[in-house]
Amino acid sequence: MATNISEQPAKASGTYRIGGDVTVNRLGYGAMQITGPGVWGDPKDPAEAVRVLRRAVELGVTFIDTADSYGPFVSEMLIREALHPYADDLVIATKAGLTRSGPGDWRPVGRPEYLRQQCELSLRHLGLDTIPLYQLHRIDSKVPLADQLGELALLRQEGKIRHIGVSEVSVAQIEESRAITTIASVQNLYNLANRSAEDVLEYCERNDLAFIPWFPIATGELARPGGPLDAISTAHGASPAQLALAWLLRRSPVMLPIPGTSSVAHLEENVDAADVRLTDDEFESLAKAS
């Protein structure tokens, strides 16, 4: 039996084709928060983490973003526990290029042999033959970019990954990356309250690259009582976080927000944002306010 949008609200966000051939519902799920404090070790409630992942798919989420460094590997292994064997339309993206030596500690490492090792481990931990989207988590300034992306290009030729993405990059770095190999996505910090990557988003729009904003639901001072989000929240019966996601979805057709949470209730609230429709005036007022 077909499932309608009311049962799978993520479908209301519309679709995007990553790399031109991998279709996802635009409102996805970021799987960083299903680990322990400082994105280190196991979550306090592993059973709830599994419930969150399964509920996300039930709600129509078809794009899950994770990384080898979340845990490390805890997030990837929970995804496999919860969702393997995967639905045909479920797309799992992961990343490599940040190492961990403790809670909250992130260090770029882009040596080709390291990236290859991490890809092989992610394939094993996720239970995949091919990773649909494999992202360079950070550019390692100590290693030539051509060596880092060149190794990912080799992995793609070997059929171990399908598309390559980059993260936390400038427009110049995207152009340098695209001169080395085909790039399908960019993942940068971007939200309603922090739009410092606006030029990167505009570049992605012009070149039809997926733009994956991390930390997508920050609202900052915009959510204060009497602030720009307050009246709109009342008008829509929606939370500031839902409005922030609705604004992102409207901002660009290449935008793939990936709000994360370790709670089923919070997940359901986030996904319901796909059905919030801002008026032209509401969208513009929020854009100007931030």
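Heads up: these notes are all about the structure in this document. Because the structure is a prediction, the values reported are computed rather than measured. (Residues numbered from 1 in each chain as written. Predicted model: local features only at pLDDT ≥ 70, side-chain atom pairs only at ≥ 80, totals over all residues. Heavy atoms only, no water.)

1. Some words on the nonpolar core
Quick reminder of the rule: Definition used in this section: a nonpolar core is a set of buried Ala, Val, Leu, Ile, Met, Phe, Trp, Tyr and Cys residues joined via side-chain atoms within 4.5 Å. Relative accessibility decides the category of a residue: with a 1.4 Å probe and only protein chains considered, values under 20% of the type maximum give buried, values over 50% give exposed, and everything between is partly exposed. Under the scheme used here, helices are H or I runs from DSSP no shorter than 4 residues and strands are E runs no shorter than 2 residues, and both carry numbers assigned from the N terminus. Residue contacts follow a heavy-atom distance rule, with two residues in contact if any of their heavy atoms lie within 4.5 Å.
Counting residues in hydrophobic clusters, the biggest one holds 90 residues, and the most contacted among them are Ile18 and Phe63. The element contributing the most residues to this core is helix H8 (residues 240-251), with six residues. Excluding residues that lie within four positions of it along the chain, Ile18 makes contacts with Val24, Phe63, Leu133, His163, Ala184, Ala210 and Leu256.

2. Overview of the packing of aromatic side chains
Stated formally: Here the aromatic set is Phe, Tyr and Trp, taking the six-membered ring for Trp, and pairing holds for ring centres within 6.5 Å; pairs whose planes are under 30 degrees apart are stacked, those over 60 apart are edge-to-face, and all others are tilted. We call a charge positioned above a ring when the Lys NZ or Arg CZ atom is no farther than 6 Å from the ring centre and deviates by at most 35 degrees from the ring normal.
One pass over the full model with this rule turns up three aromatic pairs. Pairing Tyr190 with Phe211 gives two aromatic rings, centres 5.6 Å apart and planes at 85°, and the pair type is edge-to-face. Of this pair, Tyr190 sits in the loop between strand S10 (185-189) and helix H6 (198-207) while Phe211 sits in strand S11 (residues 210-214); the two residues are 21 residues apart in sequence, bridging distant segments of the chain. For Tyr190, a relative accessible area of 0% puts it in the buried group. For Phe211, a relative accessible area of 0% corresponds to the buried category. Between Trp247 and Phe283, the ring centres sit 5.2 Å apart and the planes meet at 15°, which makes this aromatic pair stacked. Of this pair, Trp247 sits in helix H8 while Phe283 sits in helix H10 (residues 280-289), and the two are 36 residues apart along the sequence. Overall, the relative accessible area of 0% leaves Trp247 in the buried class. Its guanidinium or amino end placed over the ring of Trp106, Arg100 lies 3.8 Å from that ring's centre, counting from NZ or CZ.

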